[in-house]
Amino acid sequence: MAEPLLSVRDLRIAFPSPAGLVEAVRGVSFNVGREKLGIVGESGSGKSMTGRALLKLTPKAAQVTAARLDFAGIDLNAASERRMRGIRGGRISMIMQDPKYSLNPLMRVGSQIAEACRLHQRVGAREAAAKSLAMLEAVHIREPKRVFDLYPHEVSGGMGQRIMIAMMLVTGPDLIIADEPTSALDVTVRRQVLSILDELVTQQGAGLIFISHDLNLVAEFCDRVLVMYAGRIVEELHARDLHAARHPYTQALLRSLPRLEAPVSQLAVPTRDPAWRDGPTYRLEASS
Amino acid sequence: MKMVAPPALEVAGLDIIFGHGAKANHAVQDVSFRVESGGAFGLIGESGSGKSTVLRAVSGLNTHYHGDILLHRQVLPPVRDKGFFRRTQMVFQDPYASLHPRKMVNQVLLEPLIIHKLGRPQQRVDEVLDAVGLDPSFRFRYPHQLSGGQRQRVAIARCLILEPEILLLDEPTSALDVSVQAEILNLLHRLRSERRLTYVMVSHDLAVVAHLCERIAIMNGGKFVEELSVGDLRAGRATQPYSQALLAATHYRPASPEEVTV
Ligand SMILES: Nc1ncnc2c1ncn2[C@@H]1O[C@H](COP(=O)(O)OP(=O)(O)O)[C@@H](O)[C@H]1O
Ligand SMILES: Nc1ncnc2c1ncn2[C@@H]1O[C@H](COP(=O)(O)OP(=O)(O)O)[C@@H](O)[C@H]1O
Ligand SMILES: [Mg+2]
Ligand SMILES: [Mg+2]
């Protein structure tokens, strides 16, 4: 494999609690190239904290350490907050699950996208506005000119999500961290959003970290998948081999899905084995 | 001869328009359906098709609608009374927005009990936490100390604690991981038969809707395109072109360029 875009080694994130430090992420290591890397796992397994740590956006209380956190030759571990502000939303963009946290309620959506564009690329107001309008079109917003002048509360949830995606992609980032970007969207809109992300990876050579709880989605959309459990990576797979997962946790997740063609009255709920917390990680052969 | 159960809930000719004049948006157009007592009715459709707007009108959150909404054959006034809000509870899509950030779980669960003057409050809190699979220690957590799945369980617990008759579920599992989704769907399935609950559920996930609902309506542009049984949905027996396209779009591959333009 060529030099990876992002390289993470032994990432650990802990929170202080009355009972002492609680480790939410416990020694996570992975590389991302110009590919679609999926991260799946149940809520609380540390997916979002892992994604946020890459941009130093973990909550204030979090204690983050990593043996290595390299992005395209930049040591993120050592980067100042000022340097991070230049990287965030510029070379690395994060698409959050909930547009409410990323859109400013007091600003028209078009102006917000244009501002993101001007902040990270040296373009004038007119060019930024034109790029923003084009981006709204690219995320398949109907009547982009009308939507440009709306406030966030005036758009539906699915549209808000696409507007945020437009804002995150208008700067042409090298790495996109998408945290549950489509979980609130309906099937057809979801496929459009996936197409936009797919285009960025395949046509512009960006890297994508796609965090999701949806195994089917990840299996069909991503190239490679990391399965997280209790703050660790327990399995790494080629997406096309997800059905042949080896870890009992991954297998249990697959069995818990409702399926249109196979009705059941009770879904299989994964039981958890305490041994998984510190048990083996099933890695791909070629991987480091 | 099959007995037709009386409808617990009926929606007749529902029309909802947002805005006025040139800006008017006819978000719901002539929508009608009925759900029998103990039944489960599903609504699917793309974002913006009006599913949440239908649910909000039924729930009493939006009082500006035309047409009739009936509970046990009684037409409801648009502005509902307190009793209605106890019998009908809504679970929202977004477990982040639906919990007050500065209220502990205990307070979140006690408040509806105080409003509706129900006894044995602490016992009910413990029972309902157990029913949604949360340890009693969760009473003393704030929302930011909970994962998304845990928040949604608290949101469902807050509804259940009033022992409602009808649950309106707006994408209740779409923000949850699959293992929690399975637990919540099993929970909703079990609660429905144990407590004879009536459900109206909105979801973009056909498999999720099919898991819980026996009747399913497909919405597009504010209208019902088609209503069908879960058996017909599973077998792909939709009759309208739009429904057929929606059923075909349940794959997660990126859409091809021709499919993308809307
Ligand atoms: N502010 C916080 N204080 C204490 N614990 C937290 C805080 N934020 C997150 N956590 C804990 O960190 C763990 C990982 O959370 P997260 O990365 O959000 O999980 P995921 O995205 O996989 O659902 C969870 O167990 C959560 O309880
Ligand atoms: N409070 C509101 N004010 C104005 N328009 C609204 C409001 N709520 C919803 N709408 C509009 O109604 C339509 C249907 O929205 P919604 O019911 O949220 O769709 P769905 O739940 O199917 O995604 C959309 O065009 C949306 O913009
Ligand atoms: Mg998360
Ligand atoms: Mg909705």
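On a predicted model such as this, the values are computed, not experimentally measured, just so you know.

The rules behind these values
Residues numbered from 1 in each chain as written. Chains lettered and ligands numbered in written order. Predicted model: local features only at pLDDT ≥ 70, side-chain atom pairs only at ≥ 80, totals over all residues. Heavy atoms only, no water. Helix = DSSP H or I, 4+ residues; strand = E, 2+ residues; numbered from the N terminus. Rg over C-alpha atoms; globule rule 2.2 N^0.38 Å. Buried < 20%, exposed > 50% of the residue type's maximum accessible area, 1.4 Å probe, protein only. Contact = heavy atoms within 4.5 Å. Areas by Shrake-Rupley, 256 points an atom, 1.4 Å probe, with all protein chains shown as cover. Lys, Arg positive; Asp, Glu negative; His and termini not counted. Charge placed at Lys NZ, Arg CZ, Asp CG, Glu CD. Near = heavy atom within 4 Å. Polar contact = N/O pair within 3.5 Å; in protein donor to acceptor, adjacent residues only side chain to side chain. Nonpolar A, V, L, I, M, F, W, Y, C, P; charged D, E, K, R; others polar. Pairing = 2+ DSSP bridges. Expected span 1.5 Å × (residues − 1). Arc of directions from axis to C-beta. Phe/Tyr/Trp six-rings, centres within 6.5 Å; stacked < 30°, edge-to-face > 60°.

1. Observations regarding the overall build of chain B
Looking only at helices and strands, chain B has 10 helices and 10 strands in total. Taking 262 residues into account, the globule formula puts the C-alpha radius of gyration at 18 Å, and chain B, at 19 Å, falls close to it. In terms of overall dimensions, chain B has C-alpha extents of about 55 × 50 × 45 Å along its principal axes. Within chain B, the fraction of its 262 residues that count as buried is 55%. Long-range pairs, those at least 24 residues apart, make up 65% of the contacts in chain B between residues at least 6 apart in sequence. Surface summary for chain B: the accessible area is close to 11500 Å², and the carbon and sulfur share equals 53%. In chain B, 29 positive and 27 negative side-chain charges are present, and the distance between their average locations comes to 6 Å.

2. Notes on the site of ligand 1
Residues and elements named next belong to chain A. Taken together, Phe15, Ala24, Glu42, Ser43, Gly44, Ser45, Gly46, Lys47, Ser48 and Met49 make up the full set of residues adjacent to ligand 1. Note that an oxygen atom of ligand 1 is positioned 3.0 Å from one of the backbone N or O atoms of glycine 46. For ligand 1, the protein covers 74% of the area, taking 570 Å² as the surface of the free molecule. With 3 residues, helix α1 (residues 47-53) is the largest single contributor of residues to the shell around ligand 1. Tallied by class, residues from the shell around ligand 1 come to 3 nonpolar, 5 polar and 2 charged.

3. Focus: the pairing of strand β3 (residues 40-45) of chain B
Working note: regular strand, side chains alternate between the two faces of the sheet. Residue and element names in this part refer to chain B. Judged by how many residues are buried, β3 sits mostly within the fold: 6 of 6 residues are covered. Here β3 shows two buried faces, one formed by Ala40, Gly42 and Ile44 and the other by Phe41, Leu43 and Gly45. Two strands pair when backbone bridges link them, and β3 and strand β8 (residues 198-202) are joined in this way by 4 bridges, in the parallel orientation. Looking at the pairing, leucine 43 lines up with valine 202 of β8. Two elements, β3 and strand β9 (residues 215-220), share 5 bridges in a ladder whose sense is parallel.

4. Things to note about the site of ligand 2
All names here are of chain B. Within the structure, ligand 2 sits among Phe18, Asn25, Ala27, Glu46, Ser47, Gly48, Ser49, Gly50, Lys51, Ser52 and Thr53. Serine 52 has a polar side-chain atom sitting 2.8 Å from an oxygen atom of ligand 2. Within the side chain of threonine 53, an N or O atom sits 2.5 Å from an oxygen atom of ligand 2. Protein chains bury 64% of the 560 Å² of accessible surface belonging to ligand 2 in isolation.

5. Here we look at helix α4 (residues 125-138) of chain A
Residues and elements named next belong to chain A. Taking 1.5 Å as the rise per residue, α4 with 14 residues should run 20 Å; its terminal C-alpha atoms sit 20 Å apart, in good agreement. If you check which residues of α4 are buried, you get Ala128, Ser132, Met135 and Leu136. For α4, the arc enclosing every buried residue in end-on projection is 100°, short of the 170-degree limit, so these residues lie on one face. Exposed residues pointing more than 90 degrees away from the buried face of α4 are listed as Arg126 and Glu137. Of the surrounding elements, those touching the buried residues of α4 are α3 (109-120), α5 (144-148) and α6 (157-169).

6. Quick word on helix α6 (residues 178-195) of chain B
Residues and elements named next belong to chain B. With 18 residues, α6 extends 25 Å between its outermost C-alpha atoms, agreeing within 8% with the 26 Å of an ideal straight helix rising 1.5 Å per residue. Turning to α6, its buried residues are Val178, Ser179, Val180, Gln181, Ala182, Ile184, Leu185, Asn186, Leu187, Leu188, Leu191 and Arg192. At the C-terminal side of α6, arginine 196 shows a positive phi close to 50°.

7. Some points on the environment of Leu188(B)
Residue and element names in this part refer to chain B. Among the structural elements, leucine 188 can be located in helix α6. For the pair leucine 188 and serine 147, spaced 41 residues apart in sequence, the C-alpha separation works out to 20 Å. Once you skip the residues sitting within four places of it in the chain, leucine 188 turns out to touch Leu167, Leu169, Tyr199 and Leu212.

8. Comments concerning the packing of aromatic side chains
Taken as a whole, this structure holds 8 aromatic pairs over all chains when the rule is applied. Their ring planes at 55° and their centres at 5.1 Å tell us that Phe210(A) and Phe221(A) sit as a pair that is tilted. Remark: Phe221(A) occurs in helix α8 (residues 215-221) and Phe210(A) occurs in strand β9 (residues 207-211); sequence separation between them is 11 residues. What makes Phe210(A) buried here is its relative accessible area of 0%. According to the relative accessible area criterion, Phe221(A) is buried, its value standing at 2%. Ring centres of Phe33(B) and Phe41(B) lie 4.5 Å apart, and the angle between their planes is 10°; on these two criteria the pair is classed as stacked. The buried category is assigned to Phe33(B), whose relative accessible area is 4%. We classify Phe41(B) as buried; its relative accessible area is 1%. Aromatic rings pair up to connect Tyr229(A), Tyr249(A) and Trp276(A) into one cluster.

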